[in-house]
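Here is what each chain is made of, one letter per residue.
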Amino acid sequence: MSDFPTLRLAVEDGAISFARTFVKSEAFMQLFREGMGLVELTANYLDGEGRSESAALPREVSLVYATESMRLTTRLMQIASWLLVQRAVAEGEMTAEQARAEKNKVRIAEPMLQPTSAEAARLPLRLRELIAHSIRLQERIGHLENQMSQAFAPVAAVNPVRGQLANLQARLGALA
């Protein structure tokens, strides 16, 4: 089963608008709830149980904990910002064009790799689970962002004559 549901697409001026349809869909609202829920879960963990767990870690592991918790927090703030901008579009508070203009401010960074060092393996299980969930969510949003960006990319005009000429040249070249 795919994380990316099939959606009916809106047609605007002959172009299909994936973005407009998606941000108004139940699939987007599920993604929104998941993302914002993960932000809340992580904040509660880092302020509570995570604080206790980090205090009990050996020094070399606590440094990895601090680094990974900062990366996690940064990743989640980027996700939350992206989700909030998309929801603003869905609710008519912002146009898709304004959202694209905000894209540079609310950029989903390239996914950061999960820690693989021996110290990272010693991180508390709950922190590792939150990191893994945030990375999967970031990858899904990155995929959606690419689809949305492509929906607005100008389509190059196809010249059928050039295609035929290239085909003919390839065939003539094979005969020579």
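This write-up is about the structure you can find in this document.

Thresholds, definitions, all that
- Residues numbered from 1 in each chain as written.
- Predicted model: local features only at pLDDT ≥ 70, side-chain atom pairs only at ≥ 80, totals over all residues.
- Heavy atoms only, no water.
- Helix = DSSP H or I, 4+ residues; strand = E, 2+ residues; numbered from the N terminus.
- Buried < 20%, exposed > 50% of the residue type's maximum accessible area, 1.4 Å probe, protein only.
- Contact = heavy atoms within 4.5 Å.
- Areas by Shrake-Rupley, 256 points an atom, 1.4 Å probe, with all protein chains shown as cover.
- Polar contact = N/O pair within 3.5 Å; in protein donor to acceptor, adjacent residues only side chain to side chain.
- Patch = residues over 30% accessible without salt bridge, like charges linked within 9 Å, V, L, I, M, F, W, Y side chains within 5 Å.
- Salt bridge = Lys/Arg side-chain N within 4 Å of Asp/Glu carboxyl O.
- Core = buried A, V, L, I, M, F, W, Y, C linked by side-chain atoms within 4.5 Å.
- Expected span 1.5 Å × (residues − 1).

**Re the overall build of the protein**
Next up, step 1: In terms of regular secondary structure, the protein is built from eight helices and two strands.
Next up, step 2: Within the protein, buried positions represent 31% of all 176 residues.
Next up, step 3: The contacts in the protein between residues at least 6 apart in sequence include a share of 72% that link residues at least 24 apart.
Next up, step 4: Here the protein displays about 11,400 Å² of accessible surface, and carbon together with sulfur accounts for 55% of that area.

**A short note on the environment of Glu119**
Next up, step 1: If you trace the backbone, Glu119 turns up in helix H6 (residues 118-121).
Next up, step 2: In contact with Glu119, not counting residues within four places along its chain, are Glu60, Val61 and Val64.

**Remarks on the side chain of Ser25**
Next up, step 1: Looking at where Ser25 falls in the secondary structure, it is placed in the loop between helix H1 (18-23) and helix H2 (26-47).
Next up, step 2: A relative accessible area of 10% places Ser25 in the buried class.
Next up, step 3: There is a polar contact of 3.4 Å between the side chain of Ser25 and the backbone nitrogen of Ala27.
Next up, step 4: Looking at Ser25, its side chain comes within polar contact range of the main-chain nitrogen of Phe28, at 3.1 Å.

**Describing a nonpolar patch on the surface**
Next up, step 1: A cluster of nonpolar side chains, namely Val161, Leu165, Leu168 and Leu172, defines an oily patch on the protein surface of about 370 Å² accessible area.
Next up, step 2: Structurally, the position occupied by Leu172 is in helix H8 (residues 160-175).

**With respect to the nonpolar core**
Next up, step 1: Counting 34 residues, the largest nonpolar core has Leu31, Tyr65, Trp82, Leu83, Leu123, Leu127 and Ile141 as its most contacted members.
Next up, step 2: By residue number, the principal contributor to this core is helix H4 (residues 59-90), which donates twelve residues.

**What about H4?**
An α-helical segment advances 3.6 residues per turn. Residues three or four places apart therefore align on the same side.
Next up, step 1: Taking 1.5 Å of rise per residue, the 32 residues of H4 would be expected to cover 46 Å, and the 46 Å separating its terminal C-alpha atoms lies within 8% of that figure.
Next up, step 2: Once H4 finishes, Gly92 follows within two positions and takes phi at roughly 80 degrees, a positive value.

**Points about the pattern of salt bridges**
Next up, step 1: In the structure shown here, the tally under the stated rule is six salt bridges.
Next up, step 2: A salt bridge links Arg140 to Glu34, with the nearest nitrogen and oxygen atoms 3.0 Å apart. Taken together, the positions of Arg140 in helix H7 (residues 125-152) and Glu34 in helix H2 put the pair 106 residues apart, joining distant regions of the chain.
Next up, step 3: The exposure class assigned to Arg140 is buried, which follows from its relative accessible area of 17%.
Next up, step 4: Look at Glu34 and you get partly exposed, because its relative accessible area is 24%.
Next up, step 5: A salt bridge links Glu60 to Arg122, with the shortest nitrogen-to-oxygen separation between them at 3.4 Å. In this pair, Glu60 is assigned in helix H4 and Arg122 in the loop between H6 and H7, connecting sequence segments 62 residues apart.
Next up, step 6: Assessed through its relative accessible area of 40%, Glu60 is described here as partly exposed.

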